Amino acid sequence: MKRVASVGMSLLLVTTTMVAVAQGGQMSREEALAAVFPQAGIEAERVFLTERQMVQIGELAGGEVESGLVARYVATQGGRIVGRAYVDTHVVRTKRESLLISLEADGSVKRIDVTAFLEPTEYQAHERWLQQYDQQTLTDDLAVQRAIRPIAGATLTAGATNAAVRRVLAIDQVLALAEEKVGAVAR
Amino acid sequence: MPIATTVGACDRSPDPGPVRASRGEDRVWHRFVVVASLALGTFATAASAQPQGQVGVASSPTGSGDVDQTEAPAVIGNAASGGTETSEQQPDLAELQRRLDLLADEVERLRSGEDVEPVSVDEARRLGLAPSAAAAYGRERGVSIAGYGEMLLENFGGENEAGTPTGRTTQFDFLRAIIYAGYRFNDKFLFNSEIEIEHADEVFVEFAYLDYQASEHFGVRGGLLLAPMGLVNEFHEPTVFLGAERPVTESRIIPSTWRENGGGVYGSFDRVSFRAYVMNGFDGLDFSSGGLRGGRQKGSRAKATSMAFTGRVDVTPTPGVFVGASLYTGDSGQGQVVVDDTEFGVRTTIFDIHGQAQIRGLDVRGVFARAHLDDAAQLNLVLDTIVGEQMQGAYIQVGYDLLSQTNSGGVALTPYVRYEQVDTQDRVPTGSTRSLSTDNRYVTAGVELKPIPNIVVKVDHAWVSNDAETGINQFNVSMGYAF
C-alpha cells in the first residue's frame, strides 16, 4: 500500500512540475485563419442573409438558420480566391461553441477550428475527430452515424458540429449562387 | 496576419476611433455601451440619409444592377457597390456603411464568445458586486447547468428457471434525477459536480472536483472522482449506453457508479487519452458474495487508511472506435481486517479491457473485467460469508440504428442484443464452496428509440440463467433524458 501511495504522490509531483511548464489554449480566429490560408490575403465580410436565403439554407442544411448575420472571410492569392471561411456560433448543450469552418475554393471543407468552447472541455471535439470533415461536401451522407462517426460521451457536440458544418456549406452554396446571379447581371 | 475588411475605411489595424478603443478594453459591458451608441448614431444617420433616396445597406459585392435584392447577399462595407449616390450623399452612406460594418463585427464577436473577459475587481466594485457575484456579468464561462434522469419499470418473471415462484413484484422506479453544476473560474480552473437524487428520495454527490487544465492536453484533478474504469462508470447517462439497465459486469465487478475521494491527472495526446488517480480504497467489510458493490465509500467520511491507485488508457485509432484498459489496485482492509492479532490488507485489484465501435449506425461494445482479492479467506472469517477471491464478468453488445442511413431528422431506432456472463465467485478461498447462483448468464434483447438525441425510451427483455436454476427473467421499460 505504501508503495502505491508513494508512486501516486511521485506522479502528482511530476505532474505539478509539468503543469508549471505546460502551455496551451484555444486558437484565436486570426491564428486559425493564418494557419489555414498561410500565404493568402484575407478579406473579412459581414453578410446579411435575406429571409428567402435563410429559408433556402435551412432547406439545404436540414435545420433552422437562427441568425441572418454571417461572418465570412475570403482568402485570395494572386488575385484568385483560394478559399473561404465562416464562423458558426451555436449552442452545444447549454453553452456556446464557435467554429471557424474553412472551405476550399470549390466549396468543400478544408479544415475546422474551434475558436470558442464554453462547455466543459471534456465535451470538446478533438482535432482528429474534426478531420473527418476534410473534403466533405453537402450531401445526405454528411451526418453523424453516416459519413461522420460519433464521439463517445459527447453526442451533443457531434450533433452540433455536424449541424454547423451543414449550415456553413449551405450558406456558401446559396451565397455563391446569389453572387453568380449578380455577376451575370453585371456582365 | 493582416485581415482586411471590404472597406478601406474600416481597416481594423490603424483606425483608433471609438470602436477600436472599446475593442482594446475587451469589456463586455463597455462593448454594449459602445454598440448601443453606435446603433443610435447609425439610426440617426440613416434617418438623415433616407429622405434622399437610397440606403446602402444591401449593396452586393459586385454592384447591384437590376438583380432582385432578395437574392443578393448583403455584404456590409463594399465601397465599390452602389453607384447611384450623389456626391453629397456619398460621405453619409460611406459613414453609414462603416458604422454598420463595425456594428456587425461587434455583434458577431460578442455572439461568438471568443474573447469574453472577466470583470476586474475594480469593475466589480463599480458594479456594486463582490468579485464572484460579478463574474457572471463579464464571463460566459461562469455557471454551467445540465442534467439527466431515468425512470425504470421492471417486471420480473413469476417463476425462476426451476419453476419456483419468485414472489418478485413489478417495480416502477424514478431511478435517477441528476443536476450537473459547474463553474469555470478562468481558462485554467473549473469546478464540476453531479448532484443525484436516486430512487426519488436518496441524495448523493456523484462527483465534485476541481480541474486545473494546464494545457489542451493535460490537466490535474482533485475531489470526489469517478473511478476511470470500464465503459459505463464515467459515461452513465441513459442516452449513452444501450439497455434499460446497465450491464451487470459494470455493476458487480466494476461497481458503477463508483466514486471516491482523491486526486490525479488526466489528458490526451493525439490518439491516446489517459487518467490516473490516487483515491481512498474500498471498505472491504462491506463486500459480499454478490460482488464489490457494497464496498464503495462514495466520498462520505471515507475510511482512508488504505489508499488505492486507479487509471486508464484509451486509444482511438480512428474516430468512432476506441479500445483501452483500466486498472485499480489498493488495499480494502482499512485497518479493520484483523485475524489472530494480524492485520490483513485485503489488496483488491481490478482490471478491465474494453472497446467500442460506432460506425454508420452500428454500435458494438464489449468489456472484460476481473477482480482479485488477497486475504479473502481472512476477510471471510471476519464477515462470516464467502466473498470470492476472484470475480469476473464480460459482455458483448451489438446495436444498429435502423434509421441511421436515412434522412430521419435525428430520430434513432436501435434494436440491440447483449450477451453477458458474470461470476462473483469465480474462485473462492480454499475450504470454501462456490455458490452456483453467483455465476449468471444474461441475454438481453431490446430496442431503443431516440426521437431526439437527448431523449430515449428503451424496452428490453433479459433472460437470466445459472447452474442453480435460480435465474429470474425480467422485462424492462425505461425512459431517459439528458440535457
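Residue positions are given per chain, counted from 1 along the sequence in the order it is written. A letter from A marks each chain and a number from 1 marks each ligand, given out in the order of writing. Owing to the predicted nature of the model, reporting of local features is limited to residues with pLDDT of at least 70; listing and counting of side-chain atom pairs is limited to 80 or more, with chain, interface and lining totals taken over all residues. Side-chain measures were taken over the full set of non-hydrogen atoms in the model, leaving aside hydrogen atoms and water.

Asker: Before we move on, can you summarise the overall build of chain B with the specific residues and values?
Answerer: We count a stretch as a helix when DSSP gives it H or I for four or more residues in a row; a strand needs E for two or more, and each element gets its number in order from the N terminus. Helix and strand counts for chain B stand at 7 helices and 20 strands. Within chain B, buried positions represent 49% of all 483 residues. By definition, residues are in contact when any of their heavy atoms lie within 4.5 Å. In chain B, once contacts between residues fewer than 6 apart in sequence are set aside, the share between residues at least 24 apart is 61%. Only the protein chains shown count as cover for residues, with accessible areas throughout obtained via the Shrake-Rupley method and a probe of 1.4 Å. Roughly 20,500 Å² of accessible area belongs to chain B as shown, and the carbon and sulfur atoms make up 59% of that amount. In this scheme, a residue with accessible area under 20% of its type's maximum is buried, one over 50% is exposed, and one in between is partly exposed, where area comes from a 1.4 Å probe on protein chains only.

Asker: Any details on the pairing of strand β10 (residues 307-318) of chain B? Residues and values, ideally.
Answerer: All names here are of chain B. One bridge is not enough; two strands pair if DSSP finds at least two bridges between them. Here strand β9 (residues 272-280) runs beside β10; their pairing, made up of 9 bridges, is antiparallel. Across the sheet, residue Met279 finds its bridge partner in β10, namely Ala308. By the bridge criterion, 9 bridges tie β10 to strand β11 (residues 321-331) in an arrangement that is antiparallel. Across the sheet, the residue bridging to Phe309 is Thr329, located in β11. The hairpin formed by β10 and β11 contains 2 residues between the paired strands, and Gly320 there has a positive phi angle of roughly 90°.

Asker: Run through empty space enclosed by the protein, naming residues and quoting values.
Answerer: Only protein atoms enter the 1 Å grid used here, on which a cavity is any set of points holding a 1.4 Å probe that cannot leave and a pocket is any open set flanked by protein within 12 Å on both sides along at least five of seven lines; residues with an atom within 4 Å of a point are listed as lining. Grid points are joined across faces, edges and corners, and a volume is the space filled by probe spheres set on the points. Scanning all chains against the criterion turns up 1 cavity of 30 Å³ or more. Of the voids in this model, the largest cavity is the one considered here, and its volume is about 80 Å³. Lining the largest cavity are 13 residues; nearest its centre among them are Pro120(A), Ser144(B), Gly182(B), Tyr183(B) and Arg184(B). Secondary structure elements with two or more residues in the lining of the largest cavity: β4 (171-184) and β5 (189-198) of chain B.

Asker: Give a detailed account of the layout of surface pockets, specifying residues and quantitative values.
Answerer: Residues and elements named next belong to chain B. Taken as a whole, the second largest pocket holds about 940 Å³ of empty space. Surrounding the second largest pocket, 42 residues form its lining, Glu154, Glu245, Val248, Ser251 and Arg252 being those nearest its centre. Counting only elements with at least two residues in the lining of the second largest pocket, the list comes to β3 (143-156), β4, α6 (249-252), β17 (412-427), β18 (439-452), β19 (455-466) and β20 (474-482). A breakdown of the residues in the lining of the second largest pocket according to their chemical character gives 11 nonpolar, 13 polar and 18 charged. The nonpolar class holds Ala, Val, Leu, Ile, Met, Phe, Trp, Tyr, Cys and Pro. Asp, Glu, Lys and Arg form the charged class, and all remaining residues, Gly among them, are polar.

Asker: Give me the pattern of salt bridges: which residues, what numbers.
Answerer: Oppositely charged side chains can pair when the atoms bearing their charge come close. Residue and element names in this part refer to chain B. Between Lys or Arg on one side and Asp or Glu on the other, a salt bridge is scored when a side-chain nitrogen of the former is within 4 Å of a carboxyl oxygen of the latter. In the structure shown here, the tally under the stated rule is 28 salt bridges over all chains. Between Lys450 and Glu448 there is a salt bridge; the shortest N-O distance is 3.8 Å. Linked by salt bridges that have partners in common, Glu150, Arg176, Glu196 and Glu198 make up one network.

Asker: Tell me about the environment of Ser289(B), residues and numbers included.
Answerer: Residue and element names in this part refer to chain B. With respect to the element layout, Ser289 can be found in the loop between β9 and β10. Between the alpha carbons of Ser289 and Ser404 there is a distance of 43 Å; along the sequence they are 115 residues apart. In contact with Ser289, other than residues within four places in its own chain, are Thr385, Ile386, Val387, Thr424, Gln425 and Thr438.

Asker: I'd love a proper account of the packing of aromatic side chains, names of residues and values included.
Answerer: All names here are of chain B. For Phe, Tyr and Trp, rings pair up if their centres lie within 6.5 Å, where Trp contributes its six-membered ring, and each pair is then called stacked (planes under 30 degrees apart), edge-to-face (over 60) or tilted (otherwise). Evaluation of the coordinates by the stated rule reveals 14 aromatic pairs over all chains. Site record: aromatic cluster; members linked through ring pairs are Tyr148, Tyr180, Phe207 and Tyr209. A cation over a ring is seen here: Arg168 above Phe156, with NZ or CZ 3.8 Å from the ring centre. Across the ring face of Phe241, the terminal group of Lys458 is positioned such that the distance to the ring centre comes to 4.1 Å. A ring is scored as having a charge over it whenever the NZ atom of a lysine or the CZ atom of an arginine sits within 6 Å of its centre and within 35 degrees of its normal.

Asker: I'd like to hear about the side chain of Glu448(B), residue by residue, with values.
Answerer: Counting through the fold element by element, Glu448(B) comes out in strand β18. Filtering out sequence-adjacent residues up to four positions away, Glu448(B) remains in contact with Phe241(B), Leu242(B), Ala412(B), Leu413(B), Thr414(B), Tyr416(B), Val456(B), Val457(B) and Lys458(B).

Asker: Kindly report on the confidence of the model for chain A, identifying the contributing residues and their values.
Answerer: Detailed reading of the predicted coordinates is not advisable wherever pLDDT falls low. Here pLDDT means the predictor's own confidence in every residue, given as a number from 0 to 100. Residues of chain A with pLDDT of at least 70 account for 86%, and the chain-wide mean is 85. Here residues 12-25 of chain A is a poorly scored stretch, pLDDT under 50, and it has 19 contacts once near neighbours within four places are set aside; other chains count.

Asker: Can you explain the nonpolar core? Please cite residues and give values.
Answerer: Ranked by size, the top nonpolar core spans 43 residues in total, and within it Trp258(B), Leu292(B), Ile350(B) and Leu373(B) carry the most contacts. Looking at which element gives the most residues to this core, the answer is strand β15 (residues 362-373) of chain B, with 4 residues. With sequence-adjacent residues up to four places away left out, Leu292(B) is seen in contact with Arg252(B), Ile253(B), Phe282(B), Phe287(B), Thr348(B), Ile350(B), Ala371(B), Leu373(B) and Met391(B). Only buried Ala, Val, Leu, Ile, Met, Phe, Trp, Tyr and Cys residues count toward a nonpolar core, and they belong to the same one when joined by side-chain atoms within 4.5 Å. Counting 35 residues, the second-largest nonpolar core is a separate cluster that includes Ile57(A), Ala125(A), Trp129(A) and Leu130(A).

Asker: A description of the pairing of strand β4 (residues 96-104) of chain A should follow, citing residues and the corresponding values.
Answerer: Residue and element names in this part refer to chain A. Across the 9 residues of β4, 9 count as buried, placing the element largely inside the fold. Here β4 shows a buried face lined by Arg96, Ser98, Leu100, Ser102 and Glu104 and a second buried face lined by Glu97, Leu99, Ile101 and Leu103. Of the pairings in the sheet, the one linking strand β3 (residues 80-91) to β4 comprises 9 bridges and is antiparallel in character. Bridge assignment links Asp88 to a residue of β4, and that residue is Leu99. As paired elements, β4 and strand β5 (residues 109-117) share 7 bridges and run antiparallel to each other. Bridge pairing in β5 places Ser98 opposite Ala116. Adjacent in sequence and paired antiparallel, β4 and β5 are bridged by 4 residues, among which Gly107 carries a positive phi angle near 95°.

Asker: Break down the environment of Pro255(B) for me, with residues and values.
Answerer: In this fold, Pro255(B) is placed in the loop between α6 and β8 (259-269). Along the sequence, Pro255(B) and Trp463(B) sit 208 residues apart, while their C-alpha atoms lie 22 Å from each other.

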